[in-house]
Amino acid sequence: MKCPYCACEESKVIDSRPTDYSERIRRRRECIDCRKRFTTYEIIESVPLMVIKKDKSRESFERMKLYNSLRRACDKRAVSVEQLETMVDEIEQTLHNSMEREIPTDTIGELAMRHLKRVDEVSYVRFASVYREFKDIHTFMDELAKLLQEKK
């Protein structure tokens, strides 16, 4: 593991602990040369998930794409990084647990909206407006009406 500060290839592990439902190991390391500390994560390599896009093309599931789309929906809202990471972890875990290796984007979008609705309704509506491609104010208002109806 290269040190991110001096690029030395030798480091020692100071602390290890499981994270994310014991799917990852967090390792705190110290560089042998510069003595600076950094964190690495070790994950179990699994069969990659393939995403079936709307145009029927396929690409590998990218956790960061999901994270970034959720982060944009939560921009300037009271949603912490930890909450975002937890949502992404839970969605990814659900996808892996489904035992399907090819997942339609619709499935991922619906899971994301379900999680956002529980965390922050404004972020949910933002995400839904892009995901469901609202064409006009009426479809936007229909979604808001559904949300308000569920709250009653």
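For clarity, every value in this text was computed on a predicted model and none was experimentally measured.

Novice: Explain the nonpolar core here, please?
Specialist: Soluble globular proteins tend to bury their nonpolar side chains together. Formed by 27 residues in total, the largest nonpolar core has its most connected members in Leu66, Leu70, Leu95, Leu116 and Phe127. Every element with two or more residues in this core is listed here: helix H1 (63–73), helix H2 (81–97), helix H3 (105–119) and helix H4 (121–131). If we skip the residues at most four places from it in the chain, Leu116 touches Leu70, Ala73, Cys74, Met87, Glu121, Ser123, Tyr124 and Phe127.

Novice: What is the right way to look at the layout of surface pockets in this model?
Specialist: Empty pockets left among the atoms are what a rolling probe the size of a water molecule brings to light. The calculated volume of the largest pocket comes to roughly 630 Å³. Lys65, Ser69, Thr105, Phe127 and Tyr131 are, among the 20 residues lining the largest pocket, the residues nearest its centre. Elements represented by at least two residues in the lining of the largest pocket include exactly strand E5 (58–60), H1, H3 and H4. The biggest single contributor to the lining of the largest pocket is H1, with five residues. Split by residue class, the lining of the largest pocket holds nine nonpolar, four polar and seven charged.

How each quantity is defined
Residues numbered from 1 in each chain as written. Predicted model: local features only at pLDDT ≥ 70, side-chain atom pairs only at ≥ 80, totals over all residues. Heavy atoms only, no water. Core = buried A, V, L, I, M, F, W, Y, C linked by side-chain atoms within 4.5 Å. Buried < 20%, exposed > 50% of the residue type's maximum accessible area, 1.4 Å probe, protein only. Helix = DSSP H or I, 4+ residues; strand = E, 2+ residues; numbered from the N terminus. Contact = heavy atoms within 4.5 Å. 1 Å grid on protein atoms, 1.4 Å probe; cavity = no way out; pocket = protein on both sides within 12 Å on 5 of 7 lines; lining within 4 Å. Points joined across faces, edges and corners; volume = space filled by probe spheres on them. Nonpolar A, V, L, I, M, F, W, Y, C, P; charged D, E, K, R; others polar.

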